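Architecture and fold: a report
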Amino acid sequence: MSLPPDADALTLAPLRAADLPAVMRIQAQCYSAIVPESLQSMSAKQQAAPHTCHGAWQGGELVGYLLALPVRGLGLPALDSPACTIDPAADALYLHDLALAPAARGSGAGQALVARALAVGAQLGLRRALLVAIQGSAPYWARQGFDGIDPTTEAVRAKLASYGADARLMQRPLTGSASPG
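To keep things clear, this report deals only with the structure shown in the data block. (Residues numbered from 1 in each chain as written. Predicted model: local features only at pLDDT ≥ 70, side-chain atom pairs only at ≥ 80, totals over all residues. Heavy atoms only, no water.)

**Some points on the sheet that holds strand E5 (residues 128–133)**
Read across the open sheet, the 7 strands follow the order E1-E2-E3-E4-E5-E7-E6; overall the sheet is mixed. The two strands at the open ends of the sheet, each matched to only one other strand, are strand E1 (10–14) and strand E6 (147–148). Against the sheet, helix H1 (residues 20–30) contacts strand E3 (61–71) and strand E4 (92–100), and its axis sits at roughly 90° relative to E3. Strands in contact with helix H2 (residues 39–48) are E3 and E4; relative to E3, the strand with the most contacts, it is inclined by about 65°. (Pairing = 2+ DSSP bridges. Helix = DSSP H or I, 4+ residues; strand = E, 2+ residues; numbered from the N terminus. Contact = heavy atoms within 4.5 Å. Axes fitted to C-alpha atoms, helices over the stretch in contact; angles between N-to-C directions.)

Quick look at the structure:
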């Protein structure tokens, strides 16, 4: 006799276009330091890199997501860009947007999404993960093994500035293990 699936169990899976309305609802609940990105921008990212964009479901409902994109160097996508292309020479995984519904905070969904993204990045042979920490999230990312780095060009400094005054560029190496460094 098999047991019914646990309704409270967390399930991770790639995001699909049909998931984007729920992604937009979660995004609207999470961001105060920046204007939330448009549906067009979020859709472009999901379509450009469906293998690195994941969601977390609990009880059949999307409770969190992580949009991650392969990039080359510090070629970070612009915030709220209507288009997104992936450089075939990508060497890093850019964790663009991690957001959790308020009810899912503290559930482990965020850490599970990060671990999944880091594992996929390592499987793709990418050397490091990058992100821009906003809204005071740098300590969270430091616990996930990320260290702050200085932007190297004016273009990267300008993109970083678009995320708000406290935005911090961070990185960590990718290896065969997705556990924090």
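**A few points about the nonpolar core**
Leu15, Tyr65 and Val132 are the most contacted members of the largest nonpolar core, which has 29 residues in total. When residues of this core are traced back to their parent elements, those giving at least two are H1, E3, E4, E5 and helix H5 (154–161). At 6 residues, the largest contribution of residues to this core is made by H1. Of all hydrophobic cores here, the second largest spans 23 residues; its members include Ala56, Ala68, Leu98 and Ala133. (Core = buried A, V, L, I, M, F, W, Y, C linked by side-chain atoms within 4.5 Å. Buried < 20%, exposed > 50% of the residue type's maximum accessible area, 1.4 Å probe, protein only.)

**Section: the packing of H1 against H2**
Contact geometry for H1 and H2: axes closest at 11 Å, N-to-C directions at 120°. When the axis of H1 is compared with that of H2, the two are oblique. In this structure, H1 meets H2 at a crossing whose hand is right-handed. Here Leu20, Val23, Met24 and Gln27 of H1 come into contact with H2, specifically with Leu39, Met42, Ser43 and Gln46. Split by residue class, the contact of H1 with H2 holds 5 nonpolar, 3 polar and no charged. (Parallel < 35°, antiparallel > 145°, perpendicular 65-115°, else oblique. Left-handed = near helix turned anticlockwise from the far one by under 90°. Nonpolar A, V, L, I, M, F, W, Y, C, P; charged D, E, K, R; others polar.)

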